[in-house]
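# An overview of the molecular structure
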Amino acid sequence: MGHGKETPRQKMIGMMYLVLTAMLALNVSAEVLDAFRLVNEGIKNTTEIFSKKNETIYKEFEAEKISVVFFIPSFTSLNASSTSE
């Protein structure tokens, strides 16, 4: 912590906890690793599907952008009808 140098005993205890943590990490069961693989595959599939959908949507936007004629409505007719009421 922030209270000065560690004694050799404290260093040894810290090293033992580090080794214990590493040993526990290496002893992870196969089921847990398989679950991570399954989640990873699901994320990859979802990413591919959404990438394809996004490509399709952008292509549709480009096709509409080319074929659309821009229309700017005239608001003078709206103002005239609202003042006559």
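Our structure is the block above this text.
Residues numbered from 1 in each chain as written. Predicted model: local features only at pLDDT ≥ 70, side-chain atom pairs only at ≥ 80, totals over all residues. Heavy atoms only, no water.

## Things to note about a nonpolar patch on the surface
Together, Met 12, Ile 13, Met 16, Tyr 17, Leu 20 and Leu 24 make up a nonpolar patch on the protein surface, roughly 620 Å² of accessible area in all. Within the secondary structure layout, Ile 13 lies in helix H1 (residues 8–26). For Ile 13, a relative accessible area of 30% gives the class partly exposed. (Patch = residues over 30% accessible without salt bridge, like charges linked within 9 Å, V, L, I, M, F, W, Y side chains within 5 Å. Areas by Shrake-Rupley, 256 points an atom, 1.4 Å probe, with all protein chains shown as cover. Salt bridge = Lys/Arg side-chain N within 4 Å of Asp/Glu carboxyl O. Helix = DSSP H or I, 4+ residues; strand = E, 2+ residues; numbered from the N terminus. Buried < 20%, exposed > 50% of the residue type's maximum accessible area, 1.4 Å probe, protein only.)

## Quick word on the pattern of salt bridges
Tallied over the full model, the rule gives one salt bridge. Residue Asp 34 pairs with Arg 37 through a salt bridge whose shortest N-O separation is 2.6 Å. In this pair, Asp 34 and Arg 37 both sit in helix H2 (residues 30–67), three residues apart, roughly one turn of the helix. Residue class for Asp 34 comes out partly exposed when judged on its relative accessible area of 43%.

## Considering the packing of aromatic side chains
This model, assessed by the stated rule, comprises one aromatic pair. For the pair Tyr 58 and Phe 61, a centre-to-centre distance of 6.3 Å together with 75° between the ring planes defines the contact as edge-to-face. Here Tyr 58 and its partner Phe 61 are both found in helix H2, three residues apart, which amounts to about one turn of the helix. Grouping residues by exposure puts Tyr 58 and Phe 61 together as exposed. Here the basic side chain of Lys 53 rests over the ring of Phe 50, its NZ or CZ set 5.5 Å away from the ring centre. (Phe/Tyr/Trp six-rings, centres within 6.5 Å; stacked < 30°, edge-to-face > 60°. Lys NZ or Arg CZ within 6 Å of the ring centre and 35° of its normal.)

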